[in-house]
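What follows is the residue order along each chain.
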Amino acid sequence: MKPWYLVLGGALLLGGCQEKLTSPGDCPALCPGGSPQVVDEVLSPIPGSDSSFVGYVQPQAAPALLVSNGLEGFEERAIMRFPPRSDSVAVRDTLRSYTVDSVAFGFTVLARDSMAPGLQLLLYRLPPLIDSSTSYAQVDPAFVPENLVLTVPIPDTLRTGVLRAVVQGSDLARIALTPADSGVLSLGVRLDAPSFTGVRLGASAAGNGGVFLTYATLAVPDTGAARLRTFPLTATFNTSLPAVPEVLDSTVLTVGGNPSTRSLIRFDLPSRIRDSATVIRATLELTPVAPLTGLATDPVRLVARGILSDLGAKSPVESRFGVAIDTVPVGSSATEELEMVRLLQQVWIGESRPAGLLLSLSPELEAASFSRPVFYSSRAADPAVRPRLRVSYLRSFPFENP
Amino acid sequence: MRAAWLLGLLAIVPGLAGAQSSQFGVRGLGFPGRGLNARVIASGGAFGLFDSESSLNPATLAGVTALTSIFTASGAYRTVENPAGTASTRDTRFPLLMVVGPVRRTGTALGFSYSGYTDRDFSIVSSSTLDLRGGPVGVTDTFTSRGGLSDLRAAGAYRIHDRWLLGLGVHAITGSNRVESRRSFADSTYLSSVQKAEISFAGFGISGGAIRQMGPRFAIAALVRSDGHVNVDRDSARVATIDLPYTFGLGIRWQPVPKLGLATQTILRTWSGANSDLMAQGGVGANNTFEVALGGEFTPDVQRPYRRPLRFGGRYGRLPFPLEPGTEAHEYGVSVGSGMRFAQQRGGVDLAVEPVWRSEGLHSEHGFILTLGISVRP
């Protein structure tokens, strides 16, 4: 036998080396160390350390405008201001005046109650100088029939999309801009409907705010020609004005609202979990104070984010992976359950961050939802309704047990 | 033709036999190694106390006439049965590496070896249903272990008038286990978990052996070994100390005719010394073990004994670490093999095939172990 036979034979032997070690386990006989033990533990927030803070997203910066006819027991209106529209146009180095043929308004419907028919938006002309300090009471006198510019019906078949309405003819006089207005048009929007309901409209902060489009004819005397021009303007300021300002109750945990409110909840994570446990599930359970109100068929999304450092209301949040999200339907009075195992595992334990979380609505709904979930806090008299974090974890496996 | 046959066997058997992963190595310190060369395994291990290319008896080194290095690879295909089901497993091991050689004009020889002391390579999967948060949740657990304990031996031997061979060895028992426990849940709201640890072992042992040649055809070998205890660390923290066994061996070799050599040996190990330590750790315990082997080697050409020898044998033994309290696992096997030398006997290859059966209560397994030994005398 030649040596190369041996080399080849050895290579074949070793080349056939394949490992397949898995066999069925018959516990406890074949389970050294036993089976992993799952422990279920309920953690309560640090008493009195859970609080709500308001003002994260102001109404004028909200991604949506809220308009209702009493959905929450009071009316809510939207106001908007468009940038100045010049009364002349430069043609061949000469400023020339123009004649307005018609005007179109465009609004984006983000949400509505599809079961509520017969909705229509009423557009009112407001004094041009409105801003973030303008209150409901200040503009309420302007919502009178004399200032009504246009009524825009919302088709019953429209669930989301763009509404467009045109003003022409003699109605143009209602929105005529004068030098006294500095060419600025301000509008107020209210909702008219047979039942209490509301709509969420696009806002300038989200890039889908109201549009004011002017169609004009430009006369050029030297040529005798008439030129058509359009002047598109989008609202540079808009906000929602509730008839009744929201009041923050410091004894409960509030989320949402307008301006938006967030709730900070702090826990004391035991070292037995932080140091040596493998967390497999963590559920934040919140008991609502009352059934969730809001626009039917427009649920809210609750978001819990881990905090990077505990700076109270201004605690920076972890947004990469420490996020727990849950959708809450309007009318729900069930205990809210937010699955936040990755937040706990990766942020609190993995990055050794403070065991706190900031509860809010999802960004597209902050200051832009009729719903304002309110939950019991650690100050509740009944311990059963206080917030709680239910953690399921595995204890350190006793590998050393043979 | 012979070469083609051997090559064909080498090519086919790895497909049948991968190597060895025994369910009887799950408990305690694992599945014990044997420290035997392929040619000894081919005869059931019966010549283990007389073989200079095995690491069992240090006295055998005195029989070495040239510097020799030995490499052994083994593979096995095994069918495992237990109440949870049936599976086929395979793996590959390198259970013995040795370098031995004589010290000129002194009658002594030295050797260094690495052999598997225990093997803890396994992966077991079990399924069950847990009651979590008031509802049933299906779980699948996978426990995986890689590694084991190794026996590093430095030994010397001395020959007295060609009648007595005496040897002494010191052993470093070391090794580590990378162990992992995985649990996955049927309910996706529970995250799968992985827990890992490294268990390391360190111990020290000493062995002494003797071979008495009683005439040209008869010899007796004896072995005594003490392994003291092994320290067990988990991730660098001491968690236990486990007593290791004393080993007593006695072997007889007889050559009734020039073409036939027969041998038998018995090895006793006092693994029960580890019983209390293992139970204190939550284990099942340990039992004393013994192994009886009987085998022979038929040499067709006495002038060229390394050409086409036929080795055969059988063995029966008990395993130290039971799967359940009060039980004892045992194994038996039959073996056959051959080998050859080439390049003026500077190189050699030996092959052994051994069907084995093991059982303990409702747990059993059977399969083949293929062992390939290569020796080089530069």
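Counting restarts for each chain, with residues numbered from 1 along the sequence as it is written. For naming, the first written chain is A and the first written ligand is 1, with later ones following in the order written. For this predicted model, a pLDDT threshold of at least 70 governs which residues receive local features, and a threshold of 80 or more governs which side-chain atom pairs are given and counted, while totals over whole chains, interfaces and linings are taken from all residues. The side-chain figures draw on all heavy atoms in the structure; neither hydrogens nor water molecules are used.

Brief notes about the overall build of chain B
Phase 1 of the analysis: A count of helical and extended segments in chain B gives three helices and 18 strands.
Phase 2 of the analysis: With the principal axes as the frame, chain B shows a C-alpha extent of 80 × 45 × 35 Å.
Phase 3 of the analysis: What makes two residues a contact is simply this: any of their non-hydrogen atoms within 4.5 Å. Counting contacts in chain B only where the partners sit at least 6 residues apart, residues at least 24 apart contribute 63% of the total.
Phase 4 of the analysis: Method for areas: the Shrake-Rupley scheme with a 1.4 Å probe, in which residue coverage is limited to the protein chains shown. Summed over all atoms, the accessible surface of chain B reaches about 15,600 Å², with 60% contributed by carbon and sulfur.
Phase 5 of the analysis: A gap of 11 Å separates the mean positions of the 37 positive and 28 negative side-chain charges of chain B. A helix here means a DSSP run of H or I that spans at least four residues, while a strand means a run of E at least two residues long, and both kinds are numbered starting from the N terminus. His is not counted here, nor are the chain ends, while Lys and Arg score as positive and Asp and Glu score as negative. Throughout, a charge is located at the NZ atom of Lys, the CZ atom of Arg, the CG atom of Asp or the CD atom of Glu.

As for the layout of surface pockets
Residue and element names in this part refer to chain B.
Phase 1 of the analysis: Roughly 1,300 Å³ of volume is contained in the largest pocket.
Phase 2 of the analysis: For the lining of the largest pocket, the leading source of residues is strand β12 (residues 246-257), giving three residues.
Phase 3 of the analysis: When residues are grouped by polarity, Ala, Val, Leu, Ile, Met, Phe, Trp, Tyr, Cys and Pro land in nonpolar, Asp, Glu, Lys and Arg in charged, and all others, Gly among them, in polar. Considering only residue class, the lining of the largest pocket consists of 16 nonpolar, twelve polar and 13 charged. Only protein atoms enter the calculation, which uses a 1 Å grid: trapped sets of points that fit a 1.4 Å probe without letting it out are cavities, open sets showing protein on both sides within 12 Å along at least five of seven lines are pockets, and any residue with an atom within 4 Å of a point is a lining residue. Grid points are joined across faces, edges and corners, and a volume is the space filled by probe spheres set on the points.

Focus: the domain arrangement of chain A
Residue and element names in this part refer to chain A.
Phase 1 of the analysis: An automatic or database domain assignment provides the domain bounds reported here. One can read the domain layout of chain A as domain 1 (38-57 + 248-394) and domain 2 (75-242).
Phase 2 of the analysis: Here the C-alpha centroids of domain 1 and domain 2 sit 40 Å apart.
Phase 3 of the analysis: Opposite the ten residues of domain 1 that make contact, domain 2 presents ten residues.
Phase 4 of the analysis: By convention, the term buried area covers the 1.4 Å-probe accessible surface removed from two parts as they join, with the contributions of both added. Sorting the residues of domain 1 by area buried against domain 2 places Leu 295, Thr 297 and Phe 370 first, and these three jointly supply 57% of that buried surface.
Phase 5 of the analysis: Just to be clear on terms, a salt bridge is a Lys or Arg side-chain nitrogen sitting within 4 Å of an Asp or Glu carboxyl oxygen. Between domain 1 and domain 2 we count one salt bridge in total.
Phase 6 of the analysis: One salt bridge connects Asp 298 with Arg 200, and the closest N-O pair in it is separated by 2.9 Å.
Phase 7 of the analysis: Pairs of N or O atoms are called polar contacts if they sit within 3.5 Å, as long as, within protein, a hydrogen donor faces a hydrogen acceptor (for residues adjacent in sequence, only side-chain-to-side-chain pairs). Between domain 1 and domain 2 we count three residue pairs in polar contact (both at pLDDT 80 or more) in total.

A short note on the sheet that holds strand β24 (residues 388-394) of chain A
Residue and element names in this part refer to chain A.
Phase 1 of the analysis: Each pair of strands is called paired provided DSSP finds at least two bridges between the two strands. As summarised here, the arrangement of the four strands in space is β2-β24-β18-β21, forming an open sheet in which the pairing is antiparallel. Of all strands in the sheet, those bounded by a partner on one side alone are β2 (38-43) and β21 (336-339). Across this sheet, the average inter-strand angle for adjacent strands is 20°, counted without regard to direction.
Phase 2 of the analysis: In this sheet, β24 lies alongside β2 in antiparallel orientation, the contact comprising six bridges. Following the sheet pairing, Val 38 is matched in β24 by Leu 394.
Phase 3 of the analysis: Contacting β18 (278-286), β21 and β24, helix α4 (residues 341-350) crosses the sheet at an angle of about 115° to β18. Axes here mean lines fitted to C-alpha atoms, for a helix over just the part in contact, with angles spanning 0 to 180 degrees between N-to-C directions.

Section: the sheet that holds strand β22 (residues 356-361) of chain A
Two pairing modes exist for strands in a sheet, parallel and antiparallel, and in both the strands are linked by backbone hydrogen bonds.
Residues and elements named next belong to chain A.
Phase 1 of the analysis: If you walk across this open sheet you meet the five strands as β3-β17-β22-β19-β20, and the pairing is antiparallel. One side of each edge strand has no neighbouring strand; the edge strands of this open sheet are β3 (51-54) and β20 (323-328). With strand direction ignored, the average angle separating the axes of adjacent strands in the sheet is 25°.
Phase 2 of the analysis: Where strand β19 (residues 300-306) meets β20, six bridges bridge the pair, whose relative direction is antiparallel. Looking at β20, one finds that Arg 301 is bridged to Thr 327.
Phase 3 of the analysis: Sheet contacts for α4: β19 and β22; angle to β19, the most-contacted strand, approximately 30°.

A word on empty space enclosed by the protein
Phase 1 of the analysis: Evaluated as defined, the whole model comprises five cavities of 30 Å³ or more.
Phase 2 of the analysis: Of the pockets and cavities examined, the largest cavity occupies roughly 200 Å³.
Phase 3 of the analysis: Around the largest cavity, the lining comprises 17 residues; the ones closest to its centre are Gly33(B), Tyr117(B), Asp151(B), Arg225(B) and Arg269(B).
Phase 4 of the analysis: Elements with a contribution of two residues or more to the lining of the largest cavity: β4 (108-119) and β9 (218-226) of chain B.
Phase 5 of the analysis: Top contributing element to the lining of the largest cavity by residue count: β4(B), with three residues.
Phase 6 of the analysis: Counted by class, the lining of the largest cavity contains six nonpolar, six polar and five charged residues.
Phase 7 of the analysis: Around the second largest cavity, the lining residues are Cys27(A), Cys31(A), Gly34(A), Ser35(A), Pro36(A), Phe397(A), Ile124(B), Ser126(B), Asp141(B), Thr142(B), Phe143(B) and Ser181(B).
Phase 8 of the analysis: If one sorts the elements of the lining of the second largest cavity by residue count, strand β6 (residues 135-160) of chain B sits on top with three residues.
Phase 9 of the analysis: Looking at the lining of the second largest cavity residue by residue, the class counts come to six nonpolar, five polar and one charged.

Considering the interface of chain B and chain A
Phase 1 of the analysis: Contacts between chain B and chain A engage 67 residues on the former and 52 residues on the latter.
Phase 2 of the analysis: With both sides pooled, the region where chain B packs onto chain A buries about 5,200 Å², and carbon together with sulfur makes up 64% of that total.
Phase 3 of the analysis: Interface area lost by chain B to chain A is led by Arg133(B), Leu191(B) and Gln195(B), which between them contribute 15%.
Phase 4 of the analysis: Linking chain B with chain A are one salt bridge.
Phase 5 of the analysis: Remark: the boundary between chain B and chain A carries eleven residue pairs in polar contact (both at pLDDT 80 or more).

Re the packing of aromatic side chains
Phase 1 of the analysis: Only rings of Phe, Tyr and Trp enter the pairing, Trp through its six-membered ring, and a pair is recorded when the two centres are within 6.5 Å. The plane angle decides the type: under 30 degrees is stacked, over 60 is edge-to-face, the rest tilted. This model, assessed by the stated rule, comprises 15 aromatic pairs over all chains.
Phase 2 of the analysis: With centroids separated by 5.9 Å and ring planes inclined at 40°, the aromatic side chains of Phe399(A) and Phe143(B) adopt a geometry described as tilted. Here Phe399(A) is found in the segment after β24, whereas its partner Phe143(B) is found in strand β6 on a different chain. Side by side, Phe399(A) and Phe143(B) carry an identical accessibility label, which is buried.
Phase 3 of the analysis: Two thresholds decide whether a charge sits over a ring: the Lys NZ or Arg CZ must be within 6 Å of the ring centre and within 35 degrees of the ring normal. Taking the ring centre of Tyr306(B) as reference, the NZ or CZ of Arg341(B) above it sits at 4.8 Å. Using a 1.4 Å probe on the protein chains alone, a residue whose accessible area is under 20% of its type maximum counts as buried, one over 50% counts as exposed, and one in between counts as partly exposed.

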